[in-house]
Amino acid sequence: MLTLASKLKRDDGVRGPRTSSPASDSTRRVSVRDKLLVKEVADLEANLPCTCKVNFPDPNKLHYFQLTVTPDEGYYQGGKFQFEIEVPDAYNMVPPKVRCLTRIWHPNITETGEICLSLLREHSIDGTGWAPTRTLKDIVWGLNSLFTDLLNFDDPLNIEAAEHHLRDKEDFRNKVEDYIKRYAR
């Protein structure tokens, strides 16, 4: 199977020294994003949390992949939550676009898939937002942590879910379990 990584290696070998014509060289040009992704995807796959799996629908398009998080503790234990991650051309100057594909009752994820995770913010006043030094591994670990230690009821995106938790923790847990049964199996 041809992947972007093998294509980059093959193209470097075919091109050899930079003596080719400008026209043929420009047709083979690989973006900075794609070069970064080859390294970052290898690092990500080597350091993936045990509760996460990545899937590249097209191995030649490392800029689009899906993440499955299967929490093994807490409110969301037993659920399978799918995320779509798209890395824009301007990466690593801007963060990837991430959306939750699984309907969920969560204070930091809306039922339509928007996610509140500071490192996904391009501009953050608290200094924890996106920076060019961050990687896909940071994104995946951050998303995984939304189900455990980064679960934040004090600064919610889904205010209704956070208020539900404050009002009645047991009923909140029941609704989370209902959503897992209905949408996250």
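The rules behind these values
- Residues numbered from 1 in each chain as written.
- Predicted model: local features only at pLDDT ≥ 70, side-chain atom pairs only at ≥ 80, totals over all residues.
- Heavy atoms only, no water.
- UniProt positions renumbered as here; feature names shortened; annotations may be inferred.
- Helix = DSSP H or I, 4+ residues; strand = E, 2+ residues; numbered from the N terminus.
- Buried < 20%, exposed > 50% of the residue type's maximum accessible area, 1.4 Å probe, protein only.
- Contact = heavy atoms within 4.5 Å.
- Areas by Shrake-Rupley, 256 points an atom, 1.4 Å probe, with all protein chains shown as cover.
- Lys, Arg positive; Asp, Glu negative; His and termini not counted.
- Salt bridge = Lys/Arg side-chain N within 4 Å of Asp/Glu carboxyl O.
- Patch = residues over 30% accessible without salt bridge, like charges linked within 9 Å, V, L, I, M, F, W, Y side chains within 5 Å.
- Charge placed at Lys NZ, Arg CZ, Asp CG, Glu CD.
- Phe/Tyr/Trp six-rings, centres within 6.5 Å; stacked < 30°, edge-to-face > 60°.
- Core = buried A, V, L, I, M, F, W, Y, C linked by side-chain atoms within 4.5 Å.
- Axes fitted to C-alpha atoms, helices over the stretch in contact; angles between N-to-C directions.
- Parallel < 35°, antiparallel > 145°, perpendicular 65-115°, else oblique.
- Nonpolar A, V, L, I, M, F, W, Y, C, P; charged D, E, K, R; others polar.

By the naming in an unreviewed UniProt entry, the protein chain is E2 NEDD8-conjugating enzyme, taken from Malurus elegans. Note on the protein chain: under the UniProt heading Sequence similarities (unreviewed entry), the record states "Belongs to the ubiquitin-conjugating enzyme family." Taken from UniProt, the Catalytic activity (unreviewed entry) comment for the protein chain reads in full: "[E1 NEDD8-activating enzyme]-S-[NEDD8 protein]-yl-L-cysteine + [E2 NEDD8-conjugating enzyme]-L-cysteine = [E1 NEDD8-activating enzyme]-L-cysteine + [E2 NEDD8-conjugating enzyme]-S-[NEDD8-protein]-yl-L-cysteine."

Turning to the overall build of the protein chain, a few remarks are in order. Scanning the protein chain from terminus to terminus reveals six helices and four strands. Tracing the protein chain from N to C terminus, the helices and strands come up as α-α-α-β-β-β-β-α-α-α. Per-residue burial for the protein chain yields a buried fraction of 39% across its 185 residues. Pairs at least 24 residues apart make up 55% of the contacts formed inside the protein chain by residues separated by at least 6 positions. Entry remark: accessible area of the protein chain is about 10,500 Å², with carbon and sulfur atoms responsible for 50%.

This part is about the side chain of E40. Residue placement: E40 occurs in helix α3 (residues 32–46). Buried and unpaired, E40 has K39 as its nearest opposite-charge partner, separated by 9.3 Å.

Our focus in this paragraph is a negative patch on the surface. A cluster of acidic residues, D168, E170, D171 and E177, forms a negative patch at the surface. Relative to the helices and strands, E177 resides in helix α6 (residues 169–183). The exposure class of E177 is partly exposed, given its relative accessible area of 34%.

With that settled, the discussion passes to the packing of aromatic side chains. Under the counting rule described, the total for this entry stands at 12 aromatic pairs. Relative to F147, the ring of Y76 lies with its centre 5.5 Å away and its plane at 75°, an arrangement referred to as edge-to-face. Here Y76 is found in the loop between β2 (64–69) and β3 (81–86), whereas its partner F147 is found in the loop between α4 (136–145) and α5 (159–167), with 71 residues between them in sequence. No difference in accessibility class separates Y76 from F147, as the two residues are buried.

Right, let's get into the pattern of salt bridges. What the rule picks out here adds up to six salt bridges. Its salt-bridge partner being R33, residue D34 comes within 3.1 Å of it at the nearest N-O pair. In this structure, D89 and R33 form a salt bridge, with 2.9 Å as the shortest nitrogen-oxygen distance. Of this pair, D89 sits in the loop between β3 and β4 (97–100) while R33 is found in helix α3, placing the two residues 56 residues apart along the sequence. Put simply, R33, D34 and D89 are held in one network by salt bridges that share partners.

This paragraph deals with the nonpolar core. Membership of the largest hydrophobic core comes to 41 residues, with the highest contact counts inside it found for Y76, F83, I115 and L143. If you list the elements that add at least two residues to this core, you get α3, β2, β3, β4, α4, α5 and α6. Leaving out residues up to four positions away in the same chain, Y76 has contacts with P71, F81, I104, W105, H106, P107, F147, L151, F172, V176 and I180.

We now examine the packing of α5 against α6. Look at α5 against α6: their axes get within 5 Å of each other, and the N-to-C directions meet at 135°. Between α5 and α6, the crossing angle belongs to the class labelled oblique. Between α5, through A161, H164, H165 and R167, and α6, the contact on the second element is made entirely by K169, D171, F172 and K175. In terms of residue class, the contact of α5 with α6 is built from two nonpolar, two polar and four charged.

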